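An overview of the molecular structure
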Amino acid sequence: MNRPTTEAGERPGAPAEAGKGSGSPAEAGDKAGAPLRPVPRPPAPQEPSGGPGVAYVYALGRAGAALEAAAAQLTGVRGGPLRTVTAGSLAALVSSVPADAFSEEGMKAQLGNLAELEEIARAHHAVVEAAGGGATVLPMRLATVYLDDARVRSMLDERGAEFDELLSLLEGHAEVGVKVYADARAAAGPPPPDAPDPAAPPASPGRAYLQRRRAQRRTHRDAYRAAGAVAEEVRARAAALARDRVVHRPQQGELASGPGENIANEAYLVPADRIRDFQRAVSAAAEDVPGVRVEITGPWPPYSFATPPPVEGRSA
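Keep in mind that this is a model prediction, so the values were computed, not measured. (Residues numbered from 1 in each chain as written. Predicted model: local features only at pLDDT ≥ 70, side-chain atom pairs only at ≥ 80, totals over all residues. Heavy atoms only, no water.)

Concerning the overall build of the chain
Using the following cut-off: Per the convention used, a helix needs a DSSP run of H or I reaching at least four residues, while a strand needs a run of E reaching at least two, with both numbered from the N terminus. The rule is simple: take the accessible area with a 1.4 Å probe, protein chains only, and divide by the maximum for that residue type; under 20% is buried, over 50% is exposed, in between is partly exposed.
Helix and strand counts for the chain come out as 9 helices and 10 strands. Evaluated residue by residue, the chain yields a buried proportion of 45% over its 316 residues.

See below:
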């Protein structure tokens, strides 16, 4: 099953890379360093410092001992203690955050502060990752907030059947990211040594420049064609191992990692016991193809395959 093109995270996520681009809070935290691991929470009041609080939702899952244990041991955004909000067979992992900082205007200010946004993304991902280690969870987008616990409970009640179906889909699976890059410089290789034909008339500087430019354009086209062919091969190989696929917009600028231009950016829902097979099969698609690179990330919590609910405020 393939899903339509989306802006990642907007994850699971899509959330996700510092509120833009195509990745998840997982990848946002990864770019700034290894994701922070949650630590046992210290005693803390439920009311956050900085004024009245709203309910920040990290993930939801089936109610039970696993989520209760996670809530008892983890801290969330700004070090706030976690709690569970339960409705029927479902429970959400929630902490209180200052209403002013997570209002629409407050989030606009935080989106302009990369360091603060990365801190939120790391804390968000750390909770989702740790909770997912003991139970199947449905990650929420970055900065998903509700007015209070009663509104969270209403959301769980209203969409319980949909969430139960999604949890069944995600159970036993993880997200693996695959990006394909075209690198014309790598495809060109080192420039050939100057060895002009002694019988040929010397080329003028202008003619030599035009010849180099034509060669560069040919190399650029060839690299992109090869990358497109590799991307198709990746999809064919992945289809045999993955249960679902989401296509994200290619990453550009600071979000793109390494040399070359990102031409394909996709997420796959892979059975946990087939991840190594998936990684080997997909990485082999670019072997011996100059100027084409395949980058595999994860496994991550399945941000790209979680459909978060509409929120009263907004999510980053």
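A look at the nonpolar core
Put simply, the rule reads: What makes a nonpolar core is a set of buried Ala, Val, Leu, Ile, Met, Phe, Trp, Tyr and Cys residues whose side-chain atoms join them at distances within 4.5 Å.
In this structure, Tyr56, Tyr58, Val77, Leu82, Leu93, Val97 and Phe102 are the most contacted members of the largest nonpolar core, which totals 28 residues. Put simply, the parts of the chain that give this core at least two residues each are strand E2 (53–62), helix H2 (65–73), strand E4 (90–98) and helix H4 (114–132). Residue contributions to this core peak at 7 residues, all from H4. In this structure, Ala55, Val152, Leu169 and Phe305 belong to the second largest nonpolar core, which totals 24 residues.

Observations concerning helix H6 (residues 160–170)
Residues Gly160, Phe163, Leu166, Leu167, Leu169 and Leu170 constitute the buried set of H6. Glycine 172 sits one or two residues past H6 and shows a positive phi near 75°.

Quick look at the side chain of glutamate 266
Basically, it comes down to this: Whenever two N or O atoms come within 3.5 Å, that pair is a polar contact, provided that in protein one can donate a hydrogen and the other can accept it, and provided that, for residues adjacent in sequence, both atoms are side-chain atoms. Two residues qualify as a contact provided that any one of their heavy atoms is within 4.5 Å of a heavy atom in the partner residue.
Within the secondary structure layout, glutamate 266 lies in strand E9 (residues 261–271). Note on glutamate 266: relative accessible area 5%, which makes it buried. Within the local environment of glutamate 266, its side chain forms a polar contact with the side chain of tyrosine 268, the two groups lying 2.5 Å apart. Dropping the residues within four chain positions of it, glutamate 266 is found in contact with Val176, Gly177, Val178, Arg235, Arg245, Val246, Val247 and His248.

Considerations on the packing of aromatic side chains
Our working rule: Aromatic rings from Phe, Tyr and Trp, taking only the six-membered ring of Trp, are treated as a pair when their centres fall within 6.5 Å; an angle between ring planes under 30 degrees marks them as stacked, one over 60 as edge-to-face, and anything in between as tilted. Note on geometry: a ring has a charge over it if NZ (lysine) or CZ (arginine) is within 6 Å of the ring centre and within 35 degrees of the ring normal.
The full count for this structure, using the stated rule, is 3 aromatic pairs. Summarising the aromatic geometry, the rings of tyrosine 56 and phenylalanine 102 are spaced 5.8 Å apart at their centres and angled 85° between planes, so their arrangement reads as edge-to-face. Taken as a pair, tyrosine 56 in strand E2 and phenylalanine 102 in the loop between E4 and helix H3 (104–111) lie far apart in primary sequence, 46 residues in all. In terms of burial, tyrosine 56 and phenylalanine 102 fall into one category: buried. Taken together, Tyr56, Tyr58 and Phe102 form an aromatic cluster joined through their ring pairs. Cation over ring: arginine 293 sits above tyrosine 181, and NZ or CZ is 4.1 Å from the ring centre.

Describing empty space enclosed by the protein
Operational definition: A cavity here means a set of 1 Å grid points, computed over protein atoms only, where a 1.4 Å probe fits but cannot escape. A pocket is an open set with protein on both sides within 12 Å along at least 5 of 7 lines, and lining residues have an atom within 4 Å of a point. Grid points are joined across faces, edges and corners, and a volume is the space filled by probe spheres set on the points. The classification used treats Ala, Val, Leu, Ile, Met, Phe, Trp, Tyr, Cys and Pro as nonpolar, Asp, Glu, Lys and Arg as charged, and all other residues, Gly among them, as polar.
Space inside the second largest cavity adds up to approximately 30 Å³. Those elements that provide at least two residues to the lining of the second largest cavity are strand E7 (173–182), helix H8 (205–239) and E9. Of the residues contributing to the lining of the second largest cavity, the split by class is 6 nonpolar, no polar and 2 charged.

As for the pattern of salt bridges
Rule in force here: Every case where a carboxyl oxygen of Asp or Glu lies within 4 Å of a side-chain nitrogen of Lys or Arg is listed as a salt bridge.
What the rule picks out here adds up to 12 salt bridges. Arginine 235 serves as the salt-bridge partner of glutamate 266, at 2.6 Å between the closest nitrogen and oxygen. Placement of the pair is glutamate 266 in strand E9 and arginine 235 in helix H8, with a sequence separation of 31 residues. For arginine 235, a relative accessible area of 23% puts it in the partly exposed group. Between glutamate 295 and arginine 293 there is a salt bridge; the shortest N-O distance is 3.7 Å. Residues joined by salt bridges that share partners form a network here, namely Glu232, Arg235, Arg245 and Glu266.

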